[in-house]
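Residues per chain are reported as follows:
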Amino acid sequence: MINIDSRSSTPIYQQIIDGIKENILKGMLNPGDKLPSVRELSSLITANPNTVSRAYMELERQKVIETIRGRGTYVSSLYQPKMEEERMNKLKDNLKKVIIEAHYLGLTKEDIIDLMNSAYNFDEAEENKNFGKSDKR
Amino acid sequence: MRLKKIKTLGKVIRGDNLISVINASKAYPYKKVLNSINLEVEEGSIFGLIGPNGAGKTTLVKCILDIYKLDSGEIKIGGKNISNNPEAKALIGYVADENKYFATFNIDEMIKLYRMTYKSFDMDRFNELNRIFKLPTDRSIVRLSKGMKMRLSLILNLSIRPQVLIMDEPTSGLDPIARKNLIQILLDEVADRKTTIFISSHNLGELERICDTVAIMDEGQIKYTDSLDNMKTSMKKVQIAFKEEPKIKIEEMKEFIEVEKIGRIYTVLTKEFNNQLISKLEKEGMVFYQEINLTLEDIFMCCIAKGTGVM
């Protein structure tokens with residue numbers, strides 16, 4: 001359920017935090033669901049139990065999860081994932097990747113903007129067609 | 001010694017250091033091998049020691065175990081000086097890089113020897129582990145392969161229920177499945193018993209996944225030690241590209257620990273990748289930058305290549 005890349009420059013505890021939040025966002029974990037214990041998760045993803053424990057503590061501090069003594073750790077019923085913000089960040093990341101790719105292809109910033117404009121124009125043209133209007137461009 | 005306990009999420013966090021190496025120095029007639037080493041290993045943590053061949057890792061391990069005597073300095077296990085201290089030594093399991101057991105013994109006789117030596121030896125634990133590692137207990141040591149001897153050493157030393165487990169290249173000679181099993185067993189040891197684990201290894205990928213703290217050793221000195229999380233948040237590996245050749249020499253900028261150049265793209269290691277540096281580079285005509293993965297191997301190479309402490 002969580003993918004850990006130990007070679008990544010993101011520390012493993014941060015990857016666990018992001019992974020659990022992503023699972024909540026995708027609806028794979030719902031408020032009130034029980035999370036695996038520190039030991040179980042550390043086994044599952046082959047990570048140091050101290051690291052898992054640190055991630056859980058941070059998630060608890062952010063009120064994403066809550067621990068009920070003697071019963072285990074649960075997704076907090078109050079947690080409202082900030083869908084828009086997270087999706088916005090994802091979009092930004094994707095755009096960045098595209099720009100880097102374009103740079104490797106030898107495109108300048110102006111070329112990329114031109115490409116973007118033509119992409120927008122294409123959409124508009126399609127829309128116009130659907131409405132039965134003539135293409136002005 | 002009273003241990004301060006704070007219970008959170010089923011894990012006991014204790015501030016105490018189970019292994020303390022204080023100003024340890026040792027010289028062989030031909031070479032100074034340990035040069036004022038200072039190290040602290042926290043209880044219940046996994047500590048990785050890395051360094052090139054001949055850096056002094058095995059010597060340090062043997063000094064921690066009091067197999068070799070220090071010229072000066074001190075080593076404490078659980079707060080007690082290790083030198084001539086059987087009580088402190090009883091807490092330690094030691095898996096050596098080469099396992100030289102009595103060749104005429106068979107495994108059953110080795111178990112007997114361990115039971116006599118360590119009061120804490122747990123036969124149930126031995127059987128439990130041997131269901132994973134599958135050693136024929138009537139086989140004599142001389143007829144065991146290198147990997148089988150390593151398995152034996154691991155099982156024996158885990159069966160004494162150690163508080164500190166010191167291992168020198170524990171995965172050498174093990175097949176991939178045995179390696180995976182071993183790592184799982186070590187993680188369970190830490191989760192269930194708060195065992196403190198000290199690993200000296202060249203297998204950086206494995207260490208990167210399981211260690212809390214790593215120390216990089218070279219020429220008898222600790223060049224860099226920090227938690228892996230801190231290493232990865234403080235140091236960044238960044239690719240930078242310029243429109244045209246920048247006026248300032250990127251290689252000579254003091255912000256960069258290491259610079260590599262392929263075509264128009266620079267790959268730099270830095271601890272100061274902030275807005276200030278970014279705007280400085282943009283003035284020089286930087287057209288894009290991208291943070292890329294920084295591995296333990298990168299940090300290791302950089303430390304050893306520089307020769308001096310980077311951080």
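A quick note: this is a predicted structure, and the numbers were derived from the prediction, not measured. Within each chain, residues carry numbers counting from 1 in the order of the written sequence. Think of it this way: whatever chain is written first is A, whatever ligand is written first is 1, and the rest follow in order. Per-residue local features of the predicted model are confined to residues with pLDDT of at least 70, and side-chain atom pairs are confined, for both listing and counting, to 80 or more; whole-chain, interface and lining totals are unaffected and use all residues.

**Student:** Any chance you could explain the overall build of chain A here in plain terms?
**Tutor:** The helix and strand inventory of chain A stands at 5 helices and 2 strands. The helix and strand labels rest on DSSP assignments: H or I over at least four residues marks a helix, E over at least two residues marks a strand, and numbering proceeds from the N terminus. Along chain A, from the amino end to the carboxyl end, the secondary structure elements read α-α-α-β-β-α-α. It is the C-beta atoms, placed from the backbone, that decide contacts: two residues are in contact if theirs lie within 7 Å. Of the contacts formed within chain A by residues at least 6 apart in sequence, a portion of 48% connects residues at least 24 apart.

**Student:** I tried to follow the confidence of the model for chain A on my own but got confused; where do I start?
**Tutor:** Low-pLDDT stretches of the model should not have their predicted coordinates read in fine detail. The pLDDT score gives, residue by residue, the confidence of the prediction method on a 0 to 100 scale. On average, residues of chain A carry a pLDDT of 84, and 85% of them reach 70 or more. The element-level mean pLDDT for chain A is lowest in helix α5 (residues 109-130) of chain A, coming to 76, with helix α3 (residues 49-61) of chain A highest at 94.

**Student:** Explanation requested: the nonpolar core in the structure shown.
**Tutor:** Side chains of nonpolar character tend, in soluble globular proteins, to be buried together. Residues and elements named next belong to chain B. One finds I64, V164, I166 and F198 to be the most contacted residues of the largest nonpolar core, which totals 98 residues. Per-element accounting of this core gives the leading share, 7 residues, to helix α5 (residues 146-159). Discounting chain neighbours no more than four positions away, the residues touching I166 are V61, I64, L65, I92, Y94 and F198. Buried Ala, Val, Leu, Ile, Met, Phe, Trp, Tyr and Cys residues form a nonpolar core when they are connected through C-beta atoms within 7 Å. Around each residue's C-beta, the other C-beta atoms within 10 Å are counted; 20 or more make the residue buried, 12 or fewer make it exposed, and counts in between make it partly exposed. All C-beta atoms are placed from the backbone.

**Student:** Any chance you could explain the interface of chain A and chain B here in plain terms?
**Tutor:** For an interface, size is often stated in terms of accessible area lost upon the parts coming together. Counting residues at the interface gives 23 residues for chain A and 30 residues for chain B. The leading source of residues in the side of chain A that touches chain B is α3 of chain A, at 5 residues. Considering only residue class, the side of chain A that touches chain B consists of 8 nonpolar, 13 polar and 2 charged. Amino acids outside the nonpolar list (Ala, Val, Leu, Ile, Met, Phe, Trp, Tyr, Cys, Pro) and the charged list (Asp, Glu, Lys, Arg) are all regarded as polar, and Gly is one of them.

**Student:** Please explain the domain arrangement of chain B as it appears in this structure.
**Tutor:** Each assigned domain of chain B is listed here: domain 1 (6-230) and domain 2 (236-293). An automatic or database domain assignment supplies the start and end points of every domain. Summarising the inter-unit geometry, the C-alpha centres of domain 1 of chain B and domain 2 of chain B are found 41 Å apart.

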